[in-house]
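Breakdown of the fold
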Amino acid sequence: MPEVIFTGPAGRLEGRFHQSAQRGAPIAIVLHPHPQFGGTMNNQIVYHLYYAFAERGFSVLRFNFRGVGRSQGAFDHGAGELSDAAAALDWAQAVNPEARACWIAGVSFGSWIGMQLLMRRPEIEGFVSVAPPANRFDFSFLAPCPSSGLFIHGDIDRVAPLKEVTGLIEKLKTQKGIVIEHAVVQGANHFFENRIEPLIAHVDSYLDKRLGNPPRIAIPARGD
């Protein structure tokens, strides 16, 4: 996938971008786990989410938050990373001015950033939130959640235990006008070690349901 460099609030940001061949294709932004615990845009879950959207005709961007890889700046405990995510969406929209929709996906820390971005950008119509650490970060801003989406967790996640996020999800499910789904991957820890395949199977099923089972597009460069 083509490497891209775009301007963020703290300097340049490094990413990988897949441009859809379809005019007016939707956009997806994929956000990686915590930068201080080895999270990068090349995280395996981020990688597979990226291709799940690309194969469904999206223009997709994954990128390194400030201070990660070749992205400039330094870790900013979430505030700066949210600004980075907003800059990433701005860049993707500038490249795709006719995009008809936008989705956000995030893994762990990235899911926390993604859900905050969702609250600020009304054009985001769907989300995939993998292993949201509701025990470590405040998700109370989701009141109400403005878009339908999928939360997905492992049942033996000890970093962000399932019980901690279940209360949040049940509260969101009571809202009118949106549909919140929650999938649990059996035998999966926070990192979905040896369980990425069933994780992505849940994501594939959800995206196909939301998008009307679109035909898959062959993406040749699955090597980066």
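Keep in mind that this is a model prediction, so the values were computed, not measured.

Moving on to the overall build of the chain. Across its full length, the chain holds 5 helices and 8 strands. Starting at the N terminus and walking to the C terminus, you meet the elements of the chain as β-β-β-α-β-α-β-α-β-β-α-β-α. Against the globule reference of 17 Å for 224 residues, the chain gives a C-alpha radius of gyration of 16 Å, in line with a compact fold. With the C-alpha coordinates of the chain rotated into their principal frame, the extents come out at 40 × 40 × 35 Å.

Turning next to helix H4 (residues 162–173). Over its 12 residues, H4 runs 16 Å from end to end, which matches the ideal 16 Å to within 8%, given 1.5 Å per residue. Restricting attention to buried positions, one finds in H4 the residues Val 165, Leu 168, Ile 169 and Leu 172. Across the axial projection of H4, the buried residues extend over an arc of 100 degrees, all falling on one side. For H4, the exposed residues lying more than 90 degrees away from the buried face are Lys 163 and Lys 171.

This brings us to the UniProt feature "domain: Xaa-Pro dipeptidyl-peptidase-like" (unreviewed entry) in the chain. As annotated by UniProt and renumbered to match this structure, "domain: Xaa-Pro dipeptidyl-peptidase-like" (unreviewed entry) occupies residues 24–138. For the annotated span residues 24–138, helix accounts for 35% and strand for 20% of the residues, and the straight-line distance between the end C-alpha atoms is 35 Å.

Moving on, we get to the packing of helix H2 (residues 79–95) against helix H3 (residues 109–120). Contact geometry of H2 with H3 gives a least axis separation of 9 Å together with a crossing angle of 60 degrees. As summarised for this structure, H2 and H3 are arranged oblique, according to the angle between their axes. For the element pair H2 and H3, the recorded crossing hand is right-handed. Two secondary-structure elements touch here, H2 through Glu 81, Leu 82, Ala 85, Ala 86 and Leu 89 and H3 through Phe 109, Ile 113, Gln 116, Leu 117 and Arg 120. In the contact of H2 with H3, the residues fall into 7 nonpolar, 1 polar and 2 charged.

Counting through the fold element by element, Pro 198 comes out in helix H5 (residues 196–211). Judged by its relative accessible area of 22%, Pro 198 falls in the partly exposed class. Put simply, Pro 198 and Ile 29 are 169 residues apart on the chain and 22 Å apart in space, counted from C-alpha to C-alpha.

In this section: the pairing of strand S2 (residues 11–18). Here S2 lies mainly inside the structure; 7 of its 8 residues are buried. Counting the residues that bridge the hairpin from strand S1 (residues 3–8) to S2 gives 2 residues. Bridge count between S2 and strand S4 (residues 59–63): 4 bridges; the pairing is antiparallel. Bridge pairing in S4 places His 18 opposite Val 60.

Another aspect to go through is the sheet that holds strand S5 (residues 102–107). A sheet is described by the order of its strands in space; here 8 strands give the open sequence S1-S2-S4-S3-S5-S6-S7-S8, paired in mixed fashion. In this open sheet, the two edge strands, each paired with only one partner strand, are S1 and strand S8 (180–185). Here the average twist between neighbouring strands, direction ignored, is 20 degrees. Inspection of the sheet shows strand S6 (residues 124–130) paired to strand S7 (residues 148–154) by 5 bridges, in the parallel sense. Bridging from a neighbouring strand, Ser 129 pairs with Phe 151 of S7. Running at roughly 165 degrees to S4, helix H1 (residues 44–54) makes contact with S2, strand S3 (27–31), S4, S5 and S6 of the sheet. The sheet strands contacting H5 are S5, S6, S7 and S8, and the helix crosses S7 at an angle near 170 degrees.

Its 17 residues place the ends of H2 25 Å apart at the C-alpha level, agreeing with the 24 Å of an ideal helix rising 1.5 Å per residue. Among all positions in H2, only Gly 80, Glu 81, Leu 82, Asp 84, Ala 85, Ala 87, Ala 88, Leu 89 and Ala 92 are buried.

Turning to the pattern of salt bridges, a few remarks are in order. Counted according to the given criterion, the structure contains 11 salt bridges. In this structure, Glu 3 and Arg 70 form a salt bridge, with 2.2 Å as the shortest nitrogen-oxygen distance. Residue Glu 3 is found in strand S1, and its partner Arg 70 is found in the loop between S4 and H2; the two are separated by 67 residues along the sequence. Overall, the relative accessible area of 42% leaves Arg 70 in the partly exposed class. The partner of Glu 170 in a salt bridge is Lys 173, and the shortest N-O contact between them spans 3.7 Å. Taken together, the residues span about one helical turn, with Glu 170 and Lys 173 both in helix H4 at a distance of 3 residues. Taken together, the salt bridges that share partners define one network made up of Arg 56, Asp 204, Asp 208 and Arg 216.

Calculation rules
Residues numbered from 1 in each chain as written. Predicted model: local features only at pLDDT ≥ 70, side-chain atom pairs only at ≥ 80, totals over all residues. Heavy atoms only, no water. Helix = DSSP H or I, 4+ residues; strand = E, 2+ residues; numbered from the N terminus. Rg over C-alpha atoms; globule rule 2.2 N^0.38 Å. Expected span 1.5 Å × (residues − 1). Buried < 20%, exposed > 50% of the residue type's maximum accessible area, 1.4 Å probe, protein only. Arc of directions from axis to C-beta. UniProt positions renumbered as here; feature names shortened; annotations may be inferred. Axes fitted to C-alpha atoms, helices over the stretch in contact; angles between N-to-C directions. Parallel < 35°, antiparallel > 145°, perpendicular 65-115°, else oblique. Left-handed = near helix turned anticlockwise from the far one by under 90°. Contact = heavy atoms within 4.5 Å. Nonpolar A, V, L, I, M, F, W, Y, C, P; charged D, E, K, R; others polar. Pairing = 2+ DSSP bridges. Salt bridge = Lys/Arg side-chain N within 4 Å of Asp/Glu carboxyl O.

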